Amino acid sequence: MTDKRTYLRGRDVRPFVVPGGLVLCWGIFLWLSPNTSEVLAPPQAVFMSLFAGLADGTLLKATVQTVLASLGGLAVGATIGLALGILFGLWALIDKLLEVVVETIRPIPSVAVLPLAMLVFGFGYRMEIVIVAFPTIWPVMIMSRSAVRDLEPRLLDVARVLGLDVAATVRQIVLPAIAPRILLAVRIAAGVALIVSITTEIAVNPIGLGAAIMEAQQTFQPARMLAILIWIGVIGYGWNAILLAMQKRIVPYQSAAAEDARA
């Protein structure tokens, strides 16, 4: 019975019902509309443009550029956020001393950092990675700080009894204990990274999917513009699925508990 249920769940089509219905309504609306929209292209034209962009490689090239910048920014931001979160979680005094500084910097939108980053790094990957890294620091920092503070005190007592130094304590006790919440924070930050990366490309950086959207808009190609938007959604869905699979592999006990709760 369990195997059959798992088999059916793996082929569950319910998540695709609403997107399919929206595409169907989109096509019917344009078919029934007496006036042809110059902005909202029909679904068949959009999907043909999507397949054409994938076939000639232009969309794949732009995708690689955006994904590389997003991953680079996510790696930098998540590393800094994790280090700060553990630091603030273990030492309340440091957290208090830097509270005003962090809470003053954190609300600054990443777009506001663009002029400064352009002056320092110019156009290209380095500038975009810095812009992407900035907002990805905070979800990882907040979640890791909270996770460290919620640690069972006896775990840290064990580290002291064993004579572990700070680095060994973090590596052998803190990180394994807070891993589920850190992975969740990284999933949140990954979505932010993709959004900020494309926004940066639309605003100033002439590479990636954001630049491709602007090019389609400036050359009056609504079908291509909508195709790129759909492709970005597909990338975001796949990105989250990959991170979720990694989370289940790294912390399988949490995944098993969630499956038991749903059963």
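None of the values given here were measured: they were computed from a predicted structure.

Visitor: Summarise the environment of Ala216; cite the residues concerned and give the values.
Guide: Positionally, Ala216 belongs in helix α11 (residues 208-218). Each C-alpha atom, one on Ala216 and one on Leu226, is 9.2 Å from the other, the two residues being 10 residues apart in sequence. Look past the residues within four positions of Ala216 in its chain and what remains in contact with it is Gln221, Arg224 and Met225.

Visitor: I'd love a proper account of the packing of helix α4 (residues 58-90) against helix α10 (residues 166-203), names of residues and values included.
Guide: Close contact between α4 and α10 brings their axes to 8 Å; oriented N to C, the two are set at 140 degrees. Overall, the two elements α4 and α10 adopt an arrangement that is oblique. The handedness of the crossing between α4 and α10 is right-handed. Seen from α4, the contacting residues are Thr66, Ala69, Ser70, Leu74, Leu82, Ile86 and Leu90; seen from α10, they are Val170, Leu175, Ile178, Ile182, Val186, Ala189, Ala190, Ala193, Leu194, Ser197, Ile198 and Glu201. Within the contact of α4 with α10, the residues separate by chemical class into 15 nonpolar, 3 polar and 1 charged.

Visitor: Account for the packing of aromatic side chains, with residues named and values stated.
Guide: With the rule as written, the count across this model stands at 1 aromatic pair. On the basis of an interplanar angle of 90 degrees and a centroid distance of 5.8 Å, the ring pair of Phe134 and Trp138 is categorised as edge-to-face. A residue pair is termed a helical-turn pair when its members lie 3 or 4 positions apart in one helix, as Phe134 and Trp138 do in helix α8 (residues 125-149) at 4 residues. Across this residue pair, the class does not change: Phe134 and Trp138 are buried.

Visitor: I'd like to hear about the environment of Gly72, residue by residue, with values.
Guide: Looking at where Gly72 falls in the secondary structure, it is placed in helix α4. In this structure the C-alpha to C-alpha distance between Gly72 and Val130, which are 58 residues apart in sequence, comes to 8.7 Å.

Visitor: Describe the layout of surface pockets, with residues and values.
Guide: In this structure, the second largest pocket encloses a volume near 230 Å³. Taken together, Gly89, Leu90, Trp91, Val148, Arg149, Leu156, Ala159, Arg160, Leu164, Asp165, Val166 and Thr169 form the lining of the second largest pocket. Those elements that provide at least two residues to the lining of the second largest pocket are α4, α8, α9 (153-161) and α10. In terms of residues, the lining of the second largest pocket owes the most to one element, α9, which gives 3 residues.

Visitor: So what's going on with the UniProt feature "transmembrane region" (unreviewed entry) in the chain? Residues and values would help.
Guide: Sites flagged by UniProt as "transmembrane region" (unreviewed entry) map to residues 12-33, 45-64, 71-94, 114-138, 184-204 and 225-246. Along residues 45-64 one finds 95% helix and 0% strand; the C-alpha atoms at either end are 24 Å apart. This span, residues 71-94, is 96% helix and 0% strand, and a straight line between its end C-alpha atoms measures 30 Å.

Visitor: Could you give an account of unusual backbone geometry, naming the residues involved and the relevant values?
Guide: Phi at Phe220 takes a positive value of approximately 55 degrees, unusual for a residue other than glycine. Here Phe220 is to be found in the loop between α11 and α12 (222-250).

Visitor: Tell me what's going on with the pattern of salt bridges, and back it up with residues and numbers.
Guide: Going through the model one piece at a time under the given rule, you end up with 6 salt bridges. Residue Asp95 is joined to Arg145 by a salt bridge in which the shortest nitrogen-to-oxygen separation is 3.2 Å. Of the two residues, Asp95 sits in helix α5 (residues 92-97) while Arg145 sits in helix α8, which places them 50 residues apart along the sequence. Take Asp95 and Arg145: they sit in the same class, and that class is buried. Measuring nitrogen to oxygen at the nearest pair gives 3.1 Å for the salt bridge that ties Arg154 to Glu152. Under the relative-accessibility criterion, Arg154 is labelled exposed at 59%. Judged by its relative accessible area of 37%, Glu152 is partly exposed.

Calculation notes
- Position numbers for residues start from 1 in each chain and track the written sequence from start to end.
- Under the rules for a predicted model, residues below a pLDDT of 70 receive no local features and side-chain atom pairs below 80 are neither given nor counted, while totals for whole chains, interfaces and linings still include all residues.
- Excluding hydrogens and water, the side-chain figures rest on all heavy atoms present in the structure.
- Numbering of helices and strands starts at the N terminus; helices are DSSP runs of H or I of at least 4 residues and strands are runs of E of at least 2.
- Residues count as neighbours in contact if any of their non-hydrogen atoms are within 4.5 Å of one another.
- Here an angle of 0 to 180 degrees is reported between the N-to-C directions of two axes, which are lines fitted to C-alpha atoms, with helices fitted over the stretch in contact.
- An angle below 35 degrees is read as roughly parallel, one above 145 as roughly antiparallel, one from 65 to 115 as roughly perpendicular, and any other as oblique.
- For a crossing to be left-handed, the near helix must be turned anticlockwise from the far one by less than a right angle; the clockwise case is right-handed.
- The residue classification treats Ala, Val, Leu, Ile, Met, Phe, Trp, Tyr, Cys and Pro as nonpolar and Asp, Glu, Lys and Arg as charged. All others, Gly included, are polar.
- The rule is short: rings of Phe, Tyr and Trp, with Trp giving its six-membered ring, pair when the centres are within 6.5 Å, and they are stacked under 30 degrees, edge-to-face over 60, tilted in between.
- Accessibility here uses a 1.4 Å probe with only protein chains present; expressed as a share of the type maximum, an area under 20% marks a residue as buried, one over 50% as exposed, and anything in between as partly exposed.
- Cavities and pockets were defined on a 1 Å grid built over protein atoms only: a cavity is a set of grid points that admits a 1.4 Å probe from which the probe cannot escape, a pocket is an open set flanked by protein on both sides within 12 Å along at least five of seven lines, and lining residues are those with an atom within 4 Å of any such point.
- Grid points are joined across faces, edges and corners, and a volume is the space filled by probe spheres set on the points.
- UniProt positions are given in the numbering used here, feature names are shortened, and annotations may be inferred rather than shown by experiment.
- One side-chain nitrogen of Lys or Arg within 4 Å of one carboxyl oxygen of Asp or Glu is enough to make a salt bridge.

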